[in-house]
Amino acid sequence: LLAKSPLAQIMQPFEETTSVFDGQDVTGYSGLPVVIAHGMGDSCFNPGMAQITHLVGKRLGDGVYSVCVGDGDSQPEDTINGFLMNLNK
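These notes cover the structure that comes with them. Please read all numbers here as calculations on a predicted model, not as lab measurements.

1. A short note on the nonpolar core
Counting residues in hydrophobic clusters, the biggest one holds eight residues: Val34, Ile36, Cys44, Met49, Val56, Leu60, Val64 and Cys68. The set of elements that each furnish at least two residues to this core consists of strand 1 (34–37) and helix 1 (47–60). When residues of this core are assigned to their parent elements, the largest contribution, three residues, is made by helix 1.

Structure representation (structure tokens):
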């Protein structure tokens, strides 16, 4: 139901064809964590956000921990809390 809402802004999975890092040396970032926060109407539980989180960590190299920080313990709760909570809760 939430995914069909006009307020839903869900990151859809995509075909990995190019990278924003193409041509850039990103090897110096190995070992640094990456934290991704979704926007309002999306959720860390949605496949697109999981994909982008995984690809960022993969592209930055071995030892890079990447995580999407959500606001709930389930997809509906995470989506709703994206509208109702701030990230420091």
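2. Regarding the environment of Ile10
Topologically, Ile10 is positioned in the segment before strand 1. Residue Ile10 is classed as partly exposed on the basis of its relative accessible area of 24%. In the structure, Ile10 is positioned 39 residues away from Met49 in sequence and 8.2 Å away in space, judged by C-alpha atoms.

3. Quick look at a nonpolar patch on the surface
Taken together, Met40, Ile80, Phe83, Leu84 and Met85 make up a surface patch of nonpolar side chains, about 490 Å² in accessible area. If you trace the backbone, Leu84 turns up in helix 2 (residues 75–84).

4. A short note on the environment of Gly70
Along the chain, Gly70 turns up in the loop between strand 2 (66–69) and helix 2. When the C-alpha atoms of Gly70 and Ser43 are compared, they prove to be 6.7 Å apart, with 27 residues separating the residues in sequence. Apart from residues no more than four positions distant in its own chain, Gly70 is found in contact with His38, Cys44 and Asp78.

About the criteria used
Residues numbered from 1 in each chain as written. Predicted model: local features only at pLDDT ≥ 70, side-chain atom pairs only at ≥ 80, totals over all residues. Heavy atoms only, no water. Core = buried A, V, L, I, M, F, W, Y, C linked by side-chain atoms within 4.5 Å. Buried < 20%, exposed > 50% of the residue type's maximum accessible area, 1.4 Å probe, protein only. Helix = DSSP H or I, 4+ residues; strand = E, 2+ residues; numbered from the N terminus. Patch = residues over 30% accessible without salt bridge, like charges linked within 9 Å, V, L, I, M, F, W, Y side chains within 5 Å. Areas by Shrake-Rupley, 256 points an atom, 1.4 Å probe, with all protein chains shown as cover. Salt bridge = Lys/Arg side-chain N within 4 Å of Asp/Glu carboxyl O. Contact = heavy atoms within 4.5 Å.

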